[in-house]
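# Structural overview
Spelled out, the chains give:
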Amino acid sequence: QVQLVESGGALVQAGGSLRLSCAASGITFSNYAMGWFRQAPGKEREFVASISWGGRSTYYADSVKSRFTISRDNAKNTVYLQMNSLKPEDTAVYYCAASRGGTTFTRVAMVASWGQGTQVTVSS
């Protein structure tokens, strides 16, 4: 049974930083590309970042490029999202996602498994 468990969400002031973590179990982690999506109240779930199975390729939404960094540690079955220079518009529930394709992905349809989400709130 696949489990993705996010942590690290919090309330932070604009300009601050947070690091989200997602621990995976029940899958051969190194066979999966991993990603982060987010969903704000009243909005659709949107892509944030993804990373290939080996970590060599990453892809970011334009809205977070140069501020967020995705990384993974296959020895720990964990993917991270370092978020810097946070803005109020980054406020959302952040979801960890696993894709069987192995390469970077952006679409919800490519996601095989989701985490339960972690709340990030950025105050102005």
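A brief look at the structure comes next. (Residues numbered from 1 in each chain as written. Predicted model: local features only at pLDDT ≥ 70, side-chain atom pairs only at ≥ 80, totals over all residues. Heavy atoms only, no water.)

## Re the overall build of the chain
Broken down by element type, the chain carries zero helices and eleven strands. In the chain, the succession of α and β elements from N to C terminus is β-β-β-β-β-β-β-β-β-β-β. Over its C-alpha atoms the chain spans a radius of gyration of 13 Å, differing by no more than 12% from the 14 Å that the globule rule assigns to 124 residues. Each principal axis of the C-alpha distribution contributes one length, and for the chain these read about 40 × 25 × 25 Å. Buried residues in the chain amount to 44% of all 124 residues. (Helix = DSSP H or I, 4+ residues; strand = E, 2+ residues; numbered from the N terminus. Rg over C-alpha atoms; globule rule 2.2 N^0.38 Å. Buried < 20%, exposed > 50% of the residue type's maximum accessible area, 1.4 Å probe, protein only.)

## Structural notes on the side chain of arginine 67
Along the chain, arginine 67 turns up in the loop between strand S6 (58-60) and strand S7 (68-73). A distance of 2.7 Å separates the side chain of arginine 67 from the side chain of aspartate 90, its partner in a polar contact. (Polar contact = N/O pair within 3.5 Å; in protein donor to acceptor, adjacent residues only side chain to side chain.)

## Notes on the pattern of salt bridges
In a structure, side chains of opposite charge can pair up when their charged atoms sit close to one another. All told, the structure shown has four salt bridges when counted by the stated rule. Between arginine 38 and aspartate 90 there is a salt bridge; the shortest N-O distance is 2.9 Å. Of this pair, arginine 38 sits in strand S4 (residues 33-39) while aspartate 90 is found in the loop between strand S8 (78-83) and strand S9 (92-99), placing the two residues 52 residues apart along the sequence. Relative accessible area serves as the criterion here: at 7%, arginine 38 is assigned to the buried category. What makes aspartate 90 buried here is its relative accessible area of 0%. (Salt bridge = Lys/Arg side-chain N within 4 Å of Asp/Glu carboxyl O.)

## Overview of the nonpolar core
If you look at the biggest cluster of nonpolar residues, it comprises 35 residues, and the most contacted ones within it are Met34, Trp36, Val79, Leu81, Met83 and Tyr94. Of all the elements in the fold, those that place two or more residues in this core are strand S3 (18-25), S4, strand S5 (46-51), S7, S8, S9 and strand S11 (118-123). (Core = buried A, V, L, I, M, F, W, Y, C linked by side-chain atoms within 4.5 Å.)

## Section: unusual backbone geometry
Trans peptide bonds make up the majority, and among non-glycine residues the majority have a negative phi. We note that asparagine 77 has phi near 55°; this positive angle belongs to a residue other than glycine. By relative accessible area, which is 26% here, asparagine 77 ends up partly exposed. A positive phi angle, near 50°, is found at serine 85, a position not held by glycine. Secondary-structure assignment places serine 85 in the loop between S8 and S9.

## Examining the sheet that holds strand S1 (residues 3-7)
The strand order S1-S3-S8-S7 describes an open sheet built from four strands, whose pairing is antiparallel. Single-partner strands in this sheet number two, and they are S1 and S7. Adjacent strand axes in the sheet meet at a mean angle of 15° when their direction is disregarded. Pairing between S7 and S8: six bridges, direction antiparallel. (Pairing = 2+ DSSP bridges. Axes fitted to C-alpha atoms, helices over the stretch in contact; angles between N-to-C directions.)

## Considerations on the environment of tyrosine 32
Mapped onto the elements, tyrosine 32 comes out in the loop between S3 and S4. Residues tyrosine 32 and tyrosine 80 lie 48 residues apart in sequence; the distance between their C-alpha atoms is 14 Å. Apart from the residues within four sequence positions on either side, tyrosine 32 is in contact with Ile27, Trp53, Arg72, Ala98, Ser99, Arg100 and Gly102. (Contact = heavy atoms within 4.5 Å.)

## Some words on the pairing of S5
Look at any regular strand and the pattern is simple: side chains alternate between the two faces of the sheet. The buried count for S5 comes to five of six residues, which makes it a mostly enclosed element. In terms of strand pairing, S4 meets S5 through five bridges, oriented antiparallel. From the neighbouring strand, phenylalanine 37 faces S5, where its bridge partner is phenylalanine 47. In sequence, S4 turns back onto S5 through a hairpin of six residues, with glycine 42 there showing a positive phi of about 75°. The pairing of S5 with S6 spans three bridges and is classified as antiparallel. Bridging from a neighbouring strand, alanine 49 pairs with tyrosine 60 of S6. In this antiparallel pair of consecutive strands, S5 and S6, the connection spans six residues, and glycine 55 shows a positive phi of 85°.

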